[in-house]
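Summary of structural features
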Amino acid sequence: MAAPGYGKQSAPDQRPRAAADFTHLPAREAYLASLIDHLPDGAAMDAKTLAVLQPHYGQMACRTALNKLSAAGHLRRVRERVGDKQCRWVFRTYFSRTPRSDAWWARFLATGEASTPAAPDPPKERTLNHTSPTSAAYAALAGLGLTDPRLALSAADCAALEPLAAEWLARGTSPALFTAALTAGLPPDGVHSPAAFTRRRLLDKMPPERPLPQPQPRPQPARIIECTDCRTPCRPPALLGGLCRACRDTPATPPPRRRLSPTAVRAHAARARQAMATSP
């Protein structure tokens, strides 16, 4: 809450919240106007406070935006005397979601009565303001209000919702898809609590976890192992020492005997007879 007399005061006879609110304003003014619109009466809305409440604009930008919102018919700053027994002056900022003409504001501030229908300014092209947020998730949340002012979040809201938004991005959601999913199909009667509404959508529309990639089997070489002896194709466990079981169990063939020539046979026989003749 602001100091007494310095807070927001809502002007009477405003239209209900709708998607077309503030679309006639540039992006910066539309964003801050939506933020102010959701502040309760009595809340501070000076340039310094607005700079703290949101992540996009500093005090100078907020001060300029407030001046432009005043020129567009959305607010008036007034000094009022309060108290019956003491002369005390306070400053108040009246805010109207519905843009008002100078004649409407003059009558209302003079008499306290609302009159003269609203006269919105012609639409202007809206441009995004590029900043450097602390993370991609924080930036995605902060950018929601630039896409649709009904989801304007404060800096504290973005910080609180950052873990949920980070989980969306970790599951493969692009920032553009994130913004489209969060801003699509908003209630036609407006969003009364942008932070609570965004949290509910972040939980309810959380994308599924992406499955981990499965390792692909390595291609096997086109190769068949054979027994070294019989050349029979075999699986590697069946080959011990490169031989199949049948070849390992077959006994080795004895070497062929050497055949003697006739001359050698006669020579052996002569030596045998001689040995027998000389033996006692």
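Overview of the structure. Not measured: the values here are computed from a predicted model.

**Considerations on the pattern of salt bridges**
For the structure shown, the criterion picks out 8 salt bridges. With a shortest N-O distance of 2.7 Å, E167 and R171 are connected by a salt bridge. For E167, a relative accessible area of 31% gives the class partly exposed. Linked by salt bridges that have partners in common, R17, D37 and R97 make up one network.

**A closer look at helix α9 (residues 194-204)**
Listed as buried for α9 are P194, A195, T198, R201 and L202. Buried residues in α9, looked at end-on, bunch into an arc of 130°, giving them a common side. The inward-facing, buried residues of α9 contact α5 (136-142), α6 (144-147), α7 (155-170) and α8 (175-183).

**Quick notes on empty space enclosed by the protein**
What the rule picks out here adds up to 1 cavity of 30 Å³ or more. What lines the largest cavity is simply R17, A18, D21, F22, S34, D37, H38, P149 and R150.

**Quick notes on the side chain of D21**
The topology assignment puts D21 in the loop between β1 (8-10) and α1 (27-37). Within the structure, the side chain of D21 is placed 2.8 Å from the backbone nitrogen of A18, a separation counted as a polar contact. If sequence neighbours within four positions are ignored, D21 has contacts with P16, R97 and P149.

Rules used in this analysis
Residues numbered from 1 in each chain as written. Predicted model: local features only at pLDDT ≥ 70, side-chain atom pairs only at ≥ 80, totals over all residues. Heavy atoms only, no water. Salt bridge = Lys/Arg side-chain N within 4 Å of Asp/Glu carboxyl O. Buried < 20%, exposed > 50% of the residue type's maximum accessible area, 1.4 Å probe, protein only. Helix = DSSP H or I, 4+ residues; strand = E, 2+ residues; numbered from the N terminus. Arc of directions from axis to C-beta. Contact = heavy atoms within 4.5 Å. 1 Å grid on protein atoms, 1.4 Å probe; cavity = no way out; pocket = protein on both sides within 12 Å on 5 of 7 lines; lining within 4 Å. Points joined across faces, edges and corners; volume = space filled by probe spheres on them. Polar contact = N/O pair within 3.5 Å; in protein donor to acceptor, adjacent residues only side chain to side chain.

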